[in-house]
Structure formats: C-alpha cells, structure tokens
Amino acid sequence: MTAVEAQPMDTKEIGRDRRRKEDARLITGRTRWTDNLQLNGMLHLAMVRSPFAHARITTIDTRAAEEATGVVAVLTGEDLADTQGACINAWAITTDQVTPAHPPMPVDRVAFAGETVAVVVARSAAEARDAAELVEIDYDELPAALDLKEAAAASAENGGALAHPDLGTNKSAFWRFDSAEAGTGGDVDEAIAQAREDGVVLEREYRQQRLIPAFMEPRSVVVDPTGEQITVWSATQIPHILRFALAATTGVPESKIRVIAPDVGGGFGGKLQQTPEEMIAFAVARRLGKPVKYTETRSESLLSAHHGRDQWQKLTLAATKDGHVTGLKVELLADLGAYVALVGGGVPVLGAFMFNAIYKFPAYQFNCQTVLTNKTWTDAYRGAGRPEATYAVERLMDELAAELGKDPLEVREMNWIKHEEFPFTTVAGLEYDSGNYEAATARAKELFGYDDLRAEQKRRRDSGDPVQLGIGVSTFTEMCGLAPSRVLGQLNYGAGGWEAASVRMLPTGKVEVITGASAHGQGHETAFSQIVADRLGVPFEDVEILHGDTQVVPRGMDTYGSRSLVVGGEALVRAADKVIEKAKPIAAHLLEASIDDLEFKNGRFGVRGTDQGLAIGEIATASFAAHNLPDGVEPGIDADATYDPVNFNFPHGTHLCAMEVDTETGETRMRKYTCVDDIGVIINPLIVSGQVHGGLVQGIAQALWEEAVYDDSGTLVSGTFTDYLLPTAADTISFDIDHTSSPSTTNSLGTKGVGEAGTIASTPAVVNAVVDAVRHLGVDDIQMPCTPERVWKAINTAGSGGETVDAAVPHLSTEEGQA
C-alpha cells in the first residue's frame, strides 16, 4: 500500500500569524449553533419565571395555557420533582459550608426574580412563549435579602431577611488563609501594629459591582431522547462536566448520555455552568419521549444566567515610611446570590492567592465570608477571583504612592519580585516559576510616553484646565491553567485539573487530533493545529481538531481559567511525542537501521549519515497496512496522553492608561492605553492580539460602564442592553499592545495563559487613571462604574468637604437608572 506522503513544513508554525480555521464557517453563516438544530418532531420550551425575588408559590393554574394553540404540556416543579435532578456545587470551600438545595425548578418557594416555576411545551417557540403568558401563579411574597452587608448580618435571631429561611443564616462559608499559620510568612496583625507605630497604615474599602457575562450567543439546549442514548446539544463551555452532572443527579448512566457543544458563541465563564434550563429540558424530553429545544431570550439571559463579581473588599496595608510593604490583610464579603453555583463559592478563594500579586509582602491574611442573597446566583466571570484581587491591590498600591508622594511605578518597583529571584515562593504559598516585571514595565513606559504624559498632566494642573489628565498603572500577575489536581483536592475542589488528548495518524498521512478542551471562540482549532503540525512536521492544513463531543472525546475537563493552551496544549504535545516514539521501531525496521541511528526532523525519520528516510505519513500508512511490521509491534501509531500540571501558570504584564476627566461635567475620555504582557512563548500572535483586545474592553467596561442593578424589591432593572451598558467599538480607542517573554518552566512549550489577562489588568489601570486625574481635588476613590454622574459627585463632594464618596453616591436606584 502506497502512502500519500505528507510534505514536511520547513517553516515553524509556532509564532506564525495564522488566520483562524474556524472563521470561514463562522463569518459565512455556516455555523452549528445549538439554536440552528432542527430535529423531526421537535417540541419547544418556554420558561415561566418568578417576578419576585423571594416568595412562596401558593397556586399554579395551567389550564388556560394547556388549552392554547400548539401546546403539548405545561409542567411544574411538582410534576418534575422526581426526575429533574439537581444543580450541583462542585466546590464546597469548607467542610461546614451551608449549601441550600438547588432544584432546577422549585416546587414551593422561589429564591430570586427570574427563577423558573413552570415550563410550557409547544410545537413552536412562539406558541410556547405566548402560552407561558397564560400561566397564572399566586405568590405569597417573603422578605428578600438583597443588600450584601445586611444579608451577612441577618440571622433567625435578629429577624433579618433570610434568602433561605430554613437555613437560619445567610452565611454560607468562611475561608481564611493566614501566612503565619501556613508558615509562608509573618503575622499580619503584628506587621500592622508595628506600622502604626513607625510606618504607614492604609485602610480602604472597595466595591466590586455585580456584572453580567453578556456572551454573544444566548444559552440554548436541545435534548433528543429517541435514540440508544439521550443526546444533549448545549451552548456550554463544559460538555464533559455537564454529562457527569446529568448522570450523577438524574440516575441516567453516563454511557447513555452524549453531550455535544457545537459552535458556541462566547462564554466568558457564563457558560461554565450546569444550568437549570439544561436539567429541565432533559427531564421534559425524557418524560415526553420527544426531542425538545429551549433557547433563552436576551432578557432571560441577563436575568437568569449567572452573574459575576459582587464583593465588598476591606483592605489594610502596612508599609514602612519609605514605601516598602510589610503586611496585607484582606476581608471580603462575597455575594453568592440565591444558590451556591457550580464553582461559585470557590471564585473568591481563587483570588486569595493573588492579592499579594507581584509584591514581596512579608505577612498576609485573607478572610472571605460568602453570603447568600435573593439575587441571581454568581459564579465565574472572565478572570474569576483574580480581577477582583488585582483591582484591590493595584488600587491600594496607587494609594500608598499618593500617601508617600511617590510615583506609582516607583513604589511598585520597590516591592516587586526581581527577575533574578525567580522561581519565587510567595507569601500565599505559590511558586511563581518565571517573570520579568522590569522588562515589561520598561517597554510599556517607552510605548506609552510615560514621562511626557506626566509632564502634560503637571501643565494642566498648574493652569487649572477644566479637563484634567490622569495616568493609571496596573502591574499584574495571575494564576491560570486551573490545576494541578492535588492542589485542587487540597482546596476541596470537586474535580481535577488534568486534560486529555489523542493524536491519530490516518492512513493517508493526515492527522486527527482529539482534545478535551472545548472551544467557544478562542481559536483552538487553529492554535492546536499549529502545535501538532510543528511537533509532527506535517502541514498545518493536514491537521484536524475534534472537540466538544463526549462521544468523540470521551475524557476531558473542558475550558475555563485560561487552561486550554497551558494544560490542553501540553497534553497534545505529549500525545504527539508518543506518536513519534511509537513510529520509531517501525521506521527503523523499514529502513533496516538501528533505532539509535534514527533522527526525527521536519516530519521525517532519517538515518544519520545517509539520505535514507521516511515521512511520518509513510509510517502511518505502513502501520495501517501492517504488511511488514517488526515482531511484537501492533498496527497503529495513534497515541493518547493526559497531562496534570505540577503548578499553576503565571502570566504578567504592565498596563498604563491615560484618562481625561472633565471636572465640570464628570465626563471621562480615554486618551491612551498601552499594555505589555508576558505570556511566555506565543503560538499565534494574531489570536493573542484578539484575546488581549477583547479582554481589555471587558475590563475597561467594568471600570466605566457595566453594572447589574437591582431595585429595593429585588427586580433586576438593568435587564436589557438599554440599561446594562456594554461598550461598542465606537466607545473604545485603539490600544497599543506588545509583549515580553519569560517562558514558563511548567510546560514544554513555555506558554502562559492569555485569555483573561486583559480583563484582569485593565480595570484598575482605568480607575487609577480616573482617580489620578482628580486626586488633587481631594478625591481618592470613585465607586465603579465611574459614570459621569459618580465622577461629578465625587469631585463636588470632595470639594465641599462633605460626606465620603460612598455616602454621597449610593447604589443606583430605579429612578437614577444608569448614568
């Protein structure tokens, strides 16, 4: 049998600006969105949702809806109670965590506005939605726990509103890390006490407002129960985890469930979830024995898909009078919403390891109280705990610089880890493997024109210009590549951090790659093809990536936490290397040479000192035919690999932002934004640029525009894009981005994560710039988002010597809306 010989690529793929393979179908409308699926006899679902944040369900009258045109059934929580399963929490952060039961559809009580109380099944989506309006439900409204601080203080004894009265408390879990107890540093209370005597102590409180992931494609699910397996198509980031959750809570064997994540239009953590709607669709399909589809509206998505952030952060920083930090104490209140989501309780815990950031704090303590409220449940949102931590510490470093009258970059440089000190074990117990903060900062200052902008800032202040210039700094790092499994186990996380991959050498010499990472816009098919093409020496075009289908990819941990490349990519490398090793004895046999005399280069096995050789595609063909294999060698050179990292992954960067602030109106305008990130070895610079630009806009949006706002009754009043302000291209500027490189030592590619970097770093850079522009007017904080109204109030409150900014600018009410 003759091989179709692959032509090895002399040009390395890693580092090339490859346009994404995926884009051809995505931009020409040949996508495989879940909502595009049409199955014979498929029925459509519409959810009936509670208008109340907290209420008992007294009666549900479905008769009018059942008689409506096209309606097949109307089902309630009571109808599905025994078959709907449950929404699970995979990360109980303490052994005594208070975790309310989370039925996909409650039977007798709702815990947030937007919770599903009935489902209408009809022959078309329009008929289902129309009939949903006919379901009549009587509620007995209950007191709602809405304010985070008040909810934390409430109890059965003091009569405060409880999100779940049967629990007797809104406090879910208290988690602490103390460097003195862990043996990673000193006693933080002693450091603070010492600084009160002969140093500097700063105490600040920051608000992380509630955000909504607002992915492009609304969530959608199709369930087909008519085959040998129940097949679930879902717009999800986690097909493997979803399959496990379905099986574990419904009793249907995993072998009888197939989950497919087709093209998924964004997630940002918002589709890192086992959703009630997926569970309800699964239960309805099984009950009726027919395929069903549910696709949410945009308003439903904003209302009931999980939210992110929502914290109060109290920080105490101790330092010497010359600016060297000596201790940091963090006290968090974290709003879980109505339920403890899939990894919701663990999100602030991830931040625990990042409040120390790039700085050499000798003493550190982190305290987190998670709290239940009657609002939409929260979970991971791009960055998941790390943006919150970075925001707080980077705001605090600017405050320290202002207190001491020093440049913010000078204070940071005094305290950061020097490049020659890597690997460095931090006060939080993590080992940072590589980094060069000096190089990234120097390059950022050069691109930004830092000194010139500082000079312009001084001129504007001296002249009393009504439009002032502020310069914001953010020097960040993050832990990504959610792993290793042993560490996650120590943190009581319910799953591992490994990833699986397979490389199949087809008889034609083409390559089929199976990965457990599940893409939703990152460019996996392109970047993974580049890695495998380089490793095997085959053309980029000859590599096909398969993912997102539990039947095709039986093992995987899916996509979140910037782990796809640093964990999934390394699994691919190891599988490809196994292919080469399996091919060696066959190549030696066919070339009549010793294995020791073989070398593999550019996709070809050659015999040293000769021009003899065979391409790996030829070996694949010979192995498939199996006509002339060495004794004891089985046909096939396919290989599998599973990679479980020994450490997290630590990209870093320096972000600089210049903001103009009109002191008469509070209007802000971005003048310049420069970022220099160190993400190790870059696989595809074009994809990286897209990830960084997108991440920057999301982080900037938190600083300036986005906020999920509830009224006093628990109704989401920012439930459309009219009220929940997402930026467009017209609202942003062109960013100057560049990179330095200190390759990671924890994976063979030397790569670091990049998907969340822009989001993590940009929020504090922007807020620092806004505050810097008006600091000379007496302003030292503005609660996010820094809307013109809030900026104006901050300036005028500070100027009048009145109340604090937080007191002068309360949470937006329904009447105020969003500025």
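Model, not experiment: these values are computed from the prediction.

Novice: Just checking my understanding: could you explain a negative patch on the surface for this structure?
Specialist: Taken together, Glu 66, Glu 67, Glu 78 and Asp 79 make up a surface patch of like negative charges. With respect to the helices, strands and loops of the structure, Glu 67 is situated in the loop between helix 2 (63-66) and strand 3 (71-76).

Novice: So what exactly am I meant to see when it comes to the sheet that holds strand 3 here?
Specialist: In any sheet, the strands associate via hydrogen bonds between backbone groups, in a parallel or an antiparallel arrangement. Pairing is mixed in the open sheet, where seven strands are placed in the order 3-5-1-12-9-10-11. Only two strands of the sheet have a single partner each, and these edge strands are strand 3 and strand 11 (257-260). Direction aside, neighbouring strands of the sheet carry axes that sit 20° apart on average. Summarising the sheet, strand 9 (residues 220-224) and strand 10 (residues 230-234) pair through four bridges and their orientation is antiparallel. Bridge assignment links Val 223 to a residue of strand 10, and that residue is Val 232. Sheet contacts for helix 4 (residues 125-132): strand 1 (43-49), strand 3 and strand 5 (116-122); angle to strand 1, the most-contacted strand, approximately 25°. In this fold helix 8 (residues 239-250) packs onto strand 10 and strand 11, with an angle of close to 150° to the strand it touches most, strand 11.

Novice: What's the story with the sheet that holds strand 8 (residues 200-211) in this structure? I'm lost.
Specialist: Strands sit in the order 7-15-14-13-8 across an open sheet of five strands; the sheet is mixed. Of all the strands in the sheet, the pair left with one neighbour each is strand 7 (171-178) and strand 8. Between one strand axis and the next, the sheet turns through 10° on average, direction left out of account. Where strand 8 and strand 13 (residues 308-319) come together, 11 bridges link them in antiparallel fashion. For Tyr 206, the partnering residue across the bridge sits in strand 13 and is Gln 313. Against the sheet, helix 7 (residues 188-198) contacts strand 8, strand 13, strand 14 (325-337) and strand 15 (364-372), and its axis sits at roughly 125° relative to strand 14.

Novice: Would you mind going over the side chain of Glu 115 with me for this structure?
Specialist: Mapping Glu 115 onto the fold places it in the loop between strand 4 (109-110) and strand 5. For the buried Glu 115, no salt bridge is present, and the opposite-charge side chain at shortest range is Arg 109, 7.0 Å distant. The residues touching Glu 115, leaving out its near neighbours within four places in the chain, are Val 48, Arg 49, Ser 50, Pro 103, Pro 106, Val 110 and Tyr 339.

Novice: Got a minute to help me understand the packing of helix 8 against helix 9 (residues 276-288) in this structure?
Specialist: Each pair of packed helices can be summarised by the angle the axes make with each other and by the distance between the axes. Close contact between helix 8 and helix 9 brings their axes to 11 Å; oriented N to C, the two are set at 60°. Judged by the angle between their axes, helix 8 and helix 9 are oblique. Helix 8 and helix 9 meet at a crossing whose hand is right-handed. From helix 8, Leu 242, Leu 246, Thr 249 and Thr 250 reach across to helix 9, where they touch Glu 278, Met 279, Phe 282 and Arg 286. A per-class count over the contact of helix 8 with helix 9 returns four nonpolar, two polar and two charged.

Novice: Looking at this model, I keep getting lost on the domain arrangement of the chain. Mind explaining?
Specialist: Annotation of the chain at the domain level lists domain 1 (23-30 + 498-643) and domain 2 (433-475 + 650-806). Domain 1 and domain 2 are separated by 42 Å when their C-alpha centres are compared. Taken residue by residue, the interface counts 15 residues in domain 1 and 14 residues in domain 2. Carbon and sulfur atoms supply 54% of the area that domain 1 and domain 2 bury against each other, a total of about 1100 Å² over both sides. The three residues of domain 1 that bury the most area against domain 2 are Ser 562, Leu 565 and Val 566, which together make up 37% of that side's buried surface. Along the contact surface separating domain 1 from domain 2 lie four residue pairs in polar contact (both at pLDDT 80 or more). Secondary structure elements with two or more residues in the side of domain 1 that touches domain 2: helix 17 (524-536) and helix 18 (564-591). Taken together, the residues of the side of domain 1 that touches domain 2 sort by class into six nonpolar, seven polar and two charged.

Quick notes on the rules
Per-chain numbering applies: the sequence of each chain, read as written, is numbered from 1 onward. Two thresholds apply to this predicted model, a pLDDT of at least 70 for residue-level local features and 80 or more for giving and counting side-chain atom pairs, whereas whole-chain, interface and lining totals are computed over all residues. With hydrogens and water excluded, all non-hydrogen atoms of the structure serve as input to the side-chain values. Think of a patch as exposed residues, more than 30% relative accessible area, with no salt bridge, where like charges cluster within 9 Å and nonpolar side chains (Val, Leu, Ile, Met, Phe, Trp, Tyr) cluster within 5 Å. Only the protein chains shown count as cover for residues, with accessible areas throughout obtained via the Shrake-Rupley method and a probe of 1.4 Å. Each reported salt bridge corresponds to a side-chain nitrogen of Lys or Arg within 4 Å of a carboxyl oxygen of Asp or Glu. When charges are counted, neither His nor the chain ends are considered; positive counts come from Lys and Arg and negative counts from Asp and Glu. Charged side chains are reduced to one point each, which is NZ for Lys, CZ for Arg, CG for Asp and CD for Glu. Numbering of helices and strands runs from the N terminus; a helix is a DSSP stretch of H or I covering at least four residues, while a strand is a stretch of E covering at least two. When DSSP finds two or more bridges between two strands, those strands count as paired. Between N-to-C directions, angles cover 0 to 180 degrees, with each direction set by a line fitted to C-alpha atoms, over the stretch in contact for helices. The contact criterion used throughout is that any non-hydrogen atoms of two residues lie within 4.5 Å. The classification of residues rests on relative accessible area computed with a 1.4 Å probe and restricted to protein chains. Under 20% of the type maximum is buried, over 50% is exposed, and intermediate values are partly exposed. Oblique is the label for any angle not under 35 degrees, not over 145, and not in the 65 to 115 range, which are roughly parallel, roughly antiparallel and roughly perpendicular in turn. Two helices that cross are described as forming a left-handed crossing if the nearer one is turned anticlockwise from the farther one by less than a right angle, and a right-handed crossing if clockwise. By the convention adopted, Pro, Cys, Tyr, Trp, Phe, Met, Ile, Leu, Val and Ala count as nonpolar, Lys, Arg, Asp and Glu as charged, and the other residues, Gly among them, as polar. Domain start and stop points were drawn from an automatic or database domain assignment. A quick way to say it: buried area is the sum, across both parts, of accessible area lost when two parts are put together, with a 1.4 Å probe. By the criterion applied in these results, polar contacts are pairs of N or O atoms within 3.5 Å in which, for protein atoms, one can donate a hydrogen and the other can accept it, and in which residues neighboring in sequence qualify only through two side-chain atoms.

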